[in-house]
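As a plain string of letters, each chain reads:
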Amino acid sequence: MKSTLSITSNQMMFREMRDYLMIALGMILYGIGWTVFLLPNDITTGGVPGIASIVYFATGLPVQYVYFAVNAFLLMLSLKILGWKFSVKTIYAVFVLTFFLSVIQKVTEGLTLLQDQPFMACVLGASFCGSGIGIAFSANGSTGGTDIIAAIINKYRDITLGRVIMICDMIIITSSYFVLKDWEKVVYGFVTLYVSSFVLDQIVNSARQSVQFFIISKKYQEIGKRINDLHRGVTVIDATGLYTGQEQKIMFVLAKKRQSTTIFRIINDIDPNAFVSQSAVIGVYGEGFDHFKVKKKLTN
């Protein structure tokens, strides 16, 4: 019993460490996109930095005050609705991003990339930023700001994270025109918004994609035990072949798409003659997968 608990705790620690490393990687990518491609080309961005910038341009109020106040409010919402686990990782991501922004700026000081090609800089910068946020979300983290709003709405409504962030940032970027009076910057801001949101959805959805297997094999018990080691359940179904009249055992397995190669390798090692059917599924809800997202009924 103690050994089982020890294995479980070690696995949980490994997953937590992996999440923090993935969040750090995401923040590095975000920092590269923002510092190397977007800022040098005066391309506006959304989120809390966009709000702070607009307030600064309009009133002269230092950006750090607005940035801190808005993020503090959103983090309080995050603590109440999303819990400590999400919020702690969000705070961690904010500190990591702040640190790497200064590092990247020093490393790339004097470097000029795509100065005369703002559209390409916009696309590349948005791709890096979207990838960074997507990796952070996949590790149950966030960069703060409108990411928190997106995560809260996504918890209760079946709306993609990228779409929620796009709506929030669209309002922010459009508002910048009333201060900057430059439609070109607004247009590039919209392009950045679209590309980063698209890349974000691709990263997050690819991490959540699931597949189902139907496996027919005489060595179903051995295959099933090996699949169980991947922390994936196996359901054995009794069946009869219509042509042969022989009784068969069919294994039904739901797994993450990234585990498909491992499952095929297990089957091939144990029974190369097994009959296997694999197909993609739209959604899988329950323990080990996504949670149900249904609209709550209003009560009088």
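Scroll up to find the structure.
Residues numbered from 1 in each chain as written. Predicted model: local features only at pLDDT ≥ 70, side-chain atom pairs only at ≥ 80, totals over all residues. Heavy atoms only, no water.

A. A look at the pattern of salt bridges. Tallied over the entire structure, the rule returns 1 salt bridge. A salt bridge links D238 to K249; its shortest N-O distance comes to 2.4 Å. You can see D238 sitting in strand β2 (residues 234-240) and its partner K249 sitting in strand β3 (residues 247-256), a full 11 residues away along the chain. With relative accessibility at 60%, the residue D238 sits in the exposed group. With relative accessibility at 29%, the residue K249 sits in the partly exposed group. (Salt bridge = Lys/Arg side-chain N within 4 Å of Asp/Glu carboxyl O. Helix = DSSP H or I, 4+ residues; strand = E, 2+ residues; numbered from the N terminus. Buried < 20%, exposed > 50% of the residue type's maximum accessible area, 1.4 Å probe, protein only.)

B. Seen up close, the side chain of S260. Its location among the elements puts S260 in helix α11 (residues 260-270). Accessibility expressed as a relative area gives 7% for S260, which makes it buried. Beyond its immediate stretch of four places on either side in the chain, S260 contacts V211, F213 and Q278. (Contact = heavy atoms within 4.5 Å.)

C. Structural context of a nonpolar patch on the surface. Together, F99, V103 and V107 make up a nonpolar patch on the protein surface, roughly 290 Å² of accessible area in all. Here F99 lies in helix α4 (residues 84-107). (Patch = residues over 30% accessible without salt bridge, like charges linked within 9 Å, V, L, I, M, F, W, Y side chains within 5 Å. Areas by Shrake-Rupley, 256 points an atom, 1.4 Å probe, with all protein chains shown as cover.)

D. Representation of helix α10 (residues 220-228) in the model. Inspection of α10 places I223, G224 and I227 among the buried residues, and these make up the whole buried set. For α10, the buried positions fall inside an angular range of 100° around the axis, keeping them on one side. Exposed residues lying more than 90 degrees from the buried face of α10 are Q221 and K225. Looking at the buried side of α10, the elements it contacts are β1 (210-216), β2, β3 and α11. (Arc of directions from axis to C-beta.)

E. Summary view of the nonpolar core. Within the largest apolar cluster, 23 residues are counted, with the highest numbers of intra-cluster contacts made by M27, Y30, W34, F137 and L200. Those elements that place two or more of their residues in this core are α1 (2-38), α4, α5 (118-138), α7 (161-175) and α9 (183-208). Counting residues in hydrophobic clusters, the runner-up holds 13 residues, among them F213, I215, I223 and I263. (Core = buried A, V, L, I, M, F, W, Y, C linked by side-chain atoms within 4.5 Å.)

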